[in-house]
Amino acid sequence: MRQERACVFNIQHYSLQDGPGIRTTVFLKGCPLRCRWCCNPESQDFKIEEDCGFDSYRQMTVDEILKEVEADEVFYRHGGGGMTVSGGEPLVHDGFIIQLLKGARERYLSTAIETSGAVSKKLLLEAAEYLDYIYYDLKSMNDKKHKSWTGASNKQILSNLKVLVDTCRTWNCPPRIIVRTPVVPGFNDTKEDIIAIKDYLKSINQADHELIRYHRFGKSKYEKLGRQYPMGNAVLDDKKWEILSSL
Ligand code: SF4
């Protein structure tokens, strides 16, 4: 049965962080992972938490979302801005996300997605046909650590990435794939961890790779949800970040 509505927990206007130009980022609720450092804990659960202090949840149709995105069109003209879909994990919303991306294409809007890669391969490839930019998270090559820090194995994520890179390479107008690694203290903040990821990307001929520095912006949201912040007092020191980001 087609999903008519999806739960949107935020629509961020004038965003400069989620792709080229000025973008409107649509955050969909629900994620298969539980990363300890997640800065959007309100995005994780598929159901809406009761009395959680977040009042921005909206059940929206594809048309309602696109209407709000299109209202910002004037800002997209310079710098190639457009719509970015994020989460949570936007690709868990199956047919809905395809309709949303198709709708954006029909309106000549640039499209980007932020994905954990922990999704169906078939859906990932189908979505790629309607995307200009894919920001794909690759957190760790160490499966044991990956399971313990995100709640899931990295096997599907690695295999999906290789198939995505190989498939898109055969297309005339492929999306640009940018792999992102959040650098998280105690998890993957060593030279070995980052070099292992870079070596893997080289082996599959994936060039674009960015490191994202861990921050603690999400801490107060955990308190709002009545949850303990899983990262405690961890911080990523400047020196370490400097070394890792120069690799
Ligand atoms: S994949 Fe992203 S949204 Fe999902 S738990 Fe991890 S950091 Fe949060």
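Refer to the structure above for everything that follows.
Here the structure is a predicted model, which means the values were calculated and not measured. (Residues numbered from 1 in each chain as written. Predicted model: local features only at pLDDT ≥ 70, side-chain atom pairs only at ≥ 80, totals over all residues. Heavy atoms only, no water.)

> Mind showing me how you'd approach unusual backbone geometry here?
It is generally the case that most residues other than glycine have a negative phi and that most peptide bonds are trans. Note that the residue after glycine 87, namely glycine 88, is joined by a cis bond; omega there is 10 degrees. Tracing the sequence through the fold places glycine 88 in the loop between strand E4 (82-86) and helix H3 (94-106). Located in the positive-phi region is tyrosine 108, a residue other than glycine, with phi close to 60 degrees. Among the structural elements, tyrosine 108 can be located in the loop between H3 and strand E5 (110-115). A positive phi angle, near 60 degrees, is found at asparagine 205, a position not held by glycine. Here asparagine 205 falls in the exposed class, since its relative accessible area comes to 59%. (Helix = DSSP H or I, 4+ residues; strand = E, 2+ residues; numbered from the N terminus. Buried < 20%, exposed > 50% of the residue type's maximum accessible area, 1.4 Å probe, protein only.)

> Is there a simple way to think about the pattern of salt bridges in this case?
As a working rule, side chains carrying opposite charge can pair if their charged atoms are close by. Under the counting rule described, the total for this entry stands at 19 salt bridges. For arginine 58, the salt bridge is made with glutamate 68, and the minimal N-O distance between the two is 3.1 Å. Note that arginine 58 is positioned in strand E3 (residues 58-61) and glutamate 68 in helix H1 (residues 62-70), a separation of ten residues in sequence. Overall, the relative accessible area of 35% leaves arginine 58 in the partly exposed class. Among the ionic pairs, lysine 145 bridges to aspartate 193, the shortest N-O distance being 3.0 Å. Here the residue lysine 145 occupies a position in helix H5 (residues 143-150), and aspartate 193 occupies one in helix H7 (residues 191-203), the gap between them amounting to 48 residues. (Salt bridge = Lys/Arg side-chain N within 4 Å of Asp/Glu carboxyl O.)

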